[in-house]
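Descriptive structure summary
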Amino acid sequence: MSFDQFLPVFFFAVLGVAMLLYVLLDGFDLGVGLLLPLVPRAEKDAMIAAIGPFWDANETWLVLGVGILLIAFPQAHGLILGALYLPVTAMLIGLILRGVAFDFRVKARDQHQGLWDLAFFAGSLTASLAQGWMLGRYISGFAEGAGPLAFAGLIALALPAAYVLLGACWLLLKSEGALQEKAQRWGRRALPAVALGLILISLATPWLSDTVRAKWFAMPVFLALLPIPLACGAALLGLGWVLGRPRVREEFAWLPFVLSIFVLLMGFFGLAYSLYPYIIMDRLSLFEAAASTPALTVIFIGTVITVPMILAYTAFSYWVFRGKSSSLSYG
């Protein structure tokens, strides 16, 4: 592979990793926001404290992904955001509402506290549904018709369920006492919806795209790819078993979160294989959409410096705030 061919593949990989990390990291705090109405005031504060040091920085990966799309694949950027104008707007409104509610909820008077908690939940729900719809439309290559729209609606429901699972597993890791018991129960309840969503998406994607069907079900490629769904299924079964054990709240509190990440990671690998080499399925390849080689070379230099720095400070922040979360306080 020449350097000219390497650069689009490199940025496609960076874009995919940025979106994956956004889903995994911002996913758990969106999930916590979706679970917020289920608990009384004191436990709401504990839930917010569990995501307080992380939630804002988690959105860095969304900014990075959109920036890479804009600079490295300008043609695709215009097509994608043009097709997703309304759900992108809804997502941004939801994220802004979350940010405002997060900062104001603790400073509000008691009679207004519930409104800001509701705003945090509404922002989390709006952003989650919008992201699921966008993902569904993107995977289908923005195809028209009842089938692609129903597929987008399916993912619009499945992604929030995955966020709830991530959020519950995160709270299981970061909380104690009654809230930790509730988190375990929420995780068990969310798991069947996530498993069903993954099964339906796995069946619907090759049905919608002849390209995906040919890539997955041709022999002997099918046998080589079989470990991906098998590993995902095994992780789902393991997650269900672990969440049903009381000891998971003790020394194994970290395991459900790791398993839920592994499940989504397998889904990401399957999606990345299905898409490549298209940046828009069946419409535009990443080589056709890429910026010029001189432009990509300049961006490449900045990326190999910037992305490791983002990874480093992200890892550092999670290391500093490891362990159980403490009481919520604002300066």
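Residues numbered from 1 in each chain as written. Predicted model: local features only at pLDDT ≥ 70, side-chain atom pairs only at ≥ 80, totals over all residues. Heavy atoms only, no water.

Observations concerning the nonpolar core
Let me state the cut-off plainly: Only buried residues count toward a nonpolar core. Its members are Ala, Val, Leu, Ile, Met, Phe, Trp, Tyr and Cys residues joined through side-chain atoms within 4.5 Å. A simple rule labels every residue: compare its accessible area, found with a 1.4 Å probe on the protein chains alone, to the largest value its type can have, and call it buried under 20%, exposed over 50%, or partly exposed in between. Only DSSP runs of H or I reaching four residues or more are called helices, and only runs of E reaching two or more are called strands; each is numbered from the N terminus. Contact definition: two residues touch when any of their heavy atoms are within 4.5 Å.
One finds Phe11, Met47, Phe73, Trp186 and Ile279 to be the most contacted residues of the largest nonpolar core, which totals 95 residues. Among the elements that make up this core, the one with the highest residue count is helix H1 (residues 3-35) (17 residues). With sequence-adjacent residues up to four places away left out, methionine 47 is seen in contact with Val32, Leu35, Leu36, Val39, Leu171, Leu179 and Trp186. Core analysis: the next-biggest nonpolar cluster, separate from the first, contains six residues, Ile139, Phe151, Ala158 and Ile201 among them.

Structural notes on H1
Formally: Multiply 1.5 Å by the residue count of a helix minus one, and that product is the helix's expected span. The seven residues ending at a residue and the seven starting there each receive a fitted axis; the angle between those axes is the bend at that residue.
Taking 1.5 Å as the rise per residue, H1 with 33 residues should run 48 Å; its terminal C-alpha atoms sit 47 Å apart, in good agreement. Along H1, the helix axis deviates most sharply at glycine 27, where the bend reaches about 35°. Counting buried positions along H1 yields 24 of 33 residues, so the element is predominantly enclosed.

What to know about the side chain of serine 260
Positionally, serine 260 belongs in helix H13 (residues 255-275). According to the relative accessible area criterion, serine 260 is buried, its value standing at 2%. Excluding anything up to four places from it in sequence, serine 260 contacts Leu165, Leu166, Cys169 and Leu239.

Side note on the pattern of salt bridges
Rules: Any Lys or Arg side-chain nitrogen located within 4 Å of an Asp or Glu carboxyl oxygen qualifies as a salt bridge.
Using the criterion set out here, one finds five salt bridges in the structure. With a closest N to O distance of 3.5 Å, glutamate 144 and arginine 137 form a salt bridge.

Regarding the packing of aromatic side chains
Here a ring pair, both rings aromatic, is described through the centre-centre distance and the interplanar angle of the planes. Filter applied, for reference: Here a Phe, Tyr or Trp ring, Trp counted by its six-membered ring, pairs with any other such ring whose centre lies within 6.5 Å, and the pair is stacked when the planes are under 30 degrees apart, edge-to-face when over 60, and tilted otherwise. In this scheme, Lys NZ or Arg CZ marks a charge over a ring once it lies within 6 Å of the ring centre and within 35 degrees of the ring normal.
In total, this model carries 20 aromatic pairs according to the counting rule given. Ring centres 6.3 Å apart and planes at 40° place the aromatic pair phenylalanine 102 and phenylalanine 120 in the tilted group. Note that phenylalanine 102 is positioned in helix H6 (residues 85-105) and phenylalanine 120 in helix H7 (residues 110-139), a separation of 18 residues in sequence. Of the two residues examined, phenylalanine 102 and phenylalanine 120, each falls in the buried class. Taken together, the aromatic side chains of Phe28, Phe54, Trp170, Phe257, Tyr318 and Phe321 make up a single cluster linked through ring pairs. Stacked on the ring of tyrosine 273, the Lys or Arg lysine 215 has its end atom at 4.6 Å from the ring centre. Between arginine 322 and the ring centre of tryptophan 319, over which it is positioned, the NZ or CZ distance is 3.8 Å.

Points about the packing of helix H8 (residues 146-174) against helix H9 (residues 177-208)
Stated precisely, the cut-off is as follows: Orientation is described by axes fitted as lines to C-alpha atoms, over the contacting stretch for helices, and by angles from 0 to 180 degrees between their N-to-C directions. An angle below 35 degrees is treated as roughly parallel, one above 145 as roughly antiparallel, one from 65 to 115 as roughly perpendicular, and anything else as oblique. In this scheme, a crossing is called left-handed if the near helix is turned counterclockwise away from the far one by less than a right angle; it is called right-handed if the turn is clockwise.
Where H8 meets H9, the closest approach of the two axes is 7 Å, and the angle between their N-to-C directions is 150°. If you check the angle between H8 and H9, you find them roughly antiparallel. Of the two elements, H8 crosses H9, and the hand of that crossing is left-handed.

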